[in-house]
Amino acid sequence: MALLVIGYGNAGRGDDGLGPAFAARIAAAGYAGCRTEIDYQLAPEHALQIAEADVVLFADAELGLDRPFRLERLRAERGSDIASHALAPGAVLALAELLYGATPDAWVVGIAGEDFGAIAEGLSETATRNLELALAGFRNWH
């Protein structure tokens, strides 16, 4: 099984860096059959990488989440705006299907953060704790 983990967000905006931090930790763990991609945002260019995977997991920070993290199945969002450089996970998934006929099993992990306002590197204590819980959830899921 080829698993692609895409962590995205702005690591220079505090807890918005949760997606990249998640993907970096997955990469460092060296899971067999798992590739990681870290980016500022999702873009049309990610469609080819998604098309080459059996399973794709999108990782991002979330504000206002009522639990430390959520892990949910994702469906392609047909009819979504795919003309933008910044895409939602469902839109880039739909683009992979449209361009390459690929329909990998897709999931999203949203990790709760609380400090998104200031330009700052590093995660808040809450985000760091939630990242650890999300990584434990990934290990159970994977």
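Residues numbered from 1 in each chain as written. Predicted model: local features only at pLDDT ≥ 70, side-chain atom pairs only at ≥ 80, totals over all residues. Heavy atoms only, no water.

### Re the environment of Asp-54
Within the secondary structure, Asp-54 is located in the loop between α2 (46-51) and β3 (55-63). Relative accessible area serves as the criterion here: at 43%, Asp-54 is assigned to the partly exposed category. Filtering out sequence-adjacent residues up to four positions away, Asp-54 remains in contact with Met-1, Ala-2, Pro-104 and Asp-105. (Helix = DSSP H or I, 4+ residues; strand = E, 2+ residues; numbered from the N terminus. Buried < 20%, exposed > 50% of the residue type's maximum accessible area, 1.4 Å probe, protein only. Contact = heavy atoms within 4.5 Å.)

### Re the layout of surface pockets
The gaps of empty space that remain are located by a probe, the size of a water molecule, rolled over the atoms. Computed from the structure, the largest pocket encloses a volume of approximately 150 Å³. Forming the boundary of the largest pocket are Arg-73, Leu-74, Arg-75, Ala-76, Arg-78, Leu-93, Glu-97, Ala-102, Thr-103, Pro-104, Asp-105 and Ala-106. For the lining of the largest pocket, the secondary structure elements donating two or more residues are α3 (89-100) and β5 (105-113). When the residues that make up the lining of the largest pocket are grouped by side-chain class, the tally is six nonpolar, one polar and five charged. (1 Å grid on protein atoms, 1.4 Å probe; cavity = no way out; pocket = protein on both sides within 12 Å on 5 of 7 lines; lining within 4 Å. Points joined across faces, edges and corners; volume = space filled by probe spheres on them. Nonpolar A, V, L, I, M, F, W, Y, C, P; charged D, E, K, R; others polar.)

### Regarding the pairing of β3
Judged by how many residues are buried, β3 sits mostly within the fold: eight of nine residues are covered. For strand β1 (residues 3-8) and β3, the ladder comprises five bridges, and the chain directions are parallel. Bridge assignment links Ile-6 to a residue of β3, and that residue is Phe-58. Bridge count for β3 against β5 is nine bridges, and the pairing is parallel. Residue pairing in the sheet places Val-55 in a bridge with Asp-105 of β5. (Pairing = 2+ DSSP bridges.)

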